[in-house]
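Results of the structural survey
Here is what each chain is made of, one letter per residue.
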Amino acid sequence: MKILVINGPNINMLGIREKNIYGAGTYEDLLDFCRNAAEELGVEVSFFQSNHEGDLVDAIQHAYKVIDGIVINPAAYTHTSVAILDALKAVSIPAVEVHISDVSKREDFRQISYVRQYCFKTITGMGFEGYKEAMKALLSEISNGAEKQ
Ligand code: CA2
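Okay, so let's go over this structure. Along each chain, residue indices are assigned from 1 in the same order as the chain's sequence is written. Given that this is a predicted model, residues contribute local features only at a pLDDT of at least 70 and side-chain atom pairs are listed and counted only at 80 or more, while totals for whole chains, interfaces and linings are drawn from all residues. Side-chain metrics in this entry use all non-hydrogen atoms of the structure; hydrogen atoms and water are not considered.

On to the nonpolar core, then. In this structure, Ile3, Ile11, Leu30, Val71, Val96, Tyr131 and Met135 are the most contacted members of the largest nonpolar core, which totals 23 residues. The helix and strand labels rest on DSSP assignments: H or I over at least four residues marks a helix, E over at least two residues marks a strand, and numbering proceeds from the N terminus. By residue number, the principal contributor to this core is helix H2 (residues 27-41), which donates 6 residues. In this structure Tyr131 touches Val5, Asn7, Leu30, Cys34, Val71, Asn73, Val98 and Ile100, once residues within four positions along its chain are discounted. Working definition of a nonpolar core: buried Ala, Val, Leu, Ile, Met, Phe, Trp, Tyr and Cys residues. They are joined through side-chain atoms within 4.5 Å. Partly exposed residues are those whose accessible area sits between 20% and 50% of the maximum for their type, while under 20% is buried and over 50% is exposed, using a 1.4 Å probe and protein chains only. We call two residues in contact whenever any of their non-hydrogen atoms come within 4.5 Å of each other.

Take a look at the structure:
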């Protein structure tokens, strides 16, 4: 099973500031964490991070017929991007939304999520662990789907 982990703007700056909100781990630490989780779960993982909305849309489109499941933290684009929502709908790949922080306890403008309308699960406030939970959710969602066919 092939999982693509997509991260949006400023996730590459993790660990530099706002450690009280996002923790002390860097983006490289996040990748290492996900690689270890993927090995433990027996899935293949690849990564994409961009600060540009269109590049995130392109990455989702390139996943079409190549990737089985998507873990996505659209970062600030969570709260603004219909384009990312539409891209997920277009490729129709099972997806889980992840946020490192507990967005429900933050500013009003972080309360809206466009991708949530498509993703079958949302995980917030679990730090890096949320990415592993998302991979587990994809594994069970996809294997349940396969049983049904
Ligand atoms: O909690 C999350 O994972 C977020 O998706 C992170 C985004 C934020 O805009 C979302 O509302 C919630 C921010 C990404 C990282 O931003 C940084 C800010 C300061 C220092 C380093 C990273």
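Now, onward.
Lining the immediate surroundings of the ligand are 16 residues, of which Asn73, His79, Ile100, Ser101 and Arg110 lie closest. Here an oxygen atom of the ligand sits 3.4 Å away from a polar atom, N or O, in the main chain of Ala76. The side chain of His79 places a nitrogen or oxygen atom 2.7 Å from an oxygen atom of the ligand. Values of accessible area rely on a 1.4 Å probe in the Shrake-Rupley scheme; residue burial ignores everything except the protein chains shown. Relative to its unbound accessible surface of 510 Å², the ligand loses 90% to contact with the protein. Across the shell around the ligand, the residue classes break down as 8 nonpolar, 5 polar and 3 charged. By convention in this text, a residue qualifies as near a molecule or strand provided that one of its non-hydrogen atoms is within 4 Å of it. Here a polar contact means two N or O atoms within 3.5 Å. Within protein one must be a hydrogen donor candidate and the other an acceptor candidate, and residues neighboring in sequence count only if both atoms are side-chain atoms. Residue polarity is assigned by list, with Asp, Glu, Lys and Arg as charged and Ala, Val, Leu, Ile, Met, Phe, Trp, Tyr, Cys and Pro as nonpolar; anything else, Gly included, falls into the polar class.

A pocket here means an open set of points on a 1 Å grid, computed over the protein atoms alone, that has protein on both sides within 12 Å along at least five of seven lines. A cavity is instead a set of points where a 1.4 Å probe fits but cannot get out; residues with an atom within 4 Å of a point line either one. Grid points are joined across faces, edges and corners, and a volume is the space filled by probe spheres set on the points. Of the volumes computed, that of the largest pocket is approximately 370 Å³. Along the wall of the largest pocket there are 20 residues; nearest its centre are Pro9, Asn10, Ile11, Tyr22 and Ala75. Its residues assigned to classes, the lining of the largest pocket comprises 10 nonpolar, 6 polar and 4 charged.

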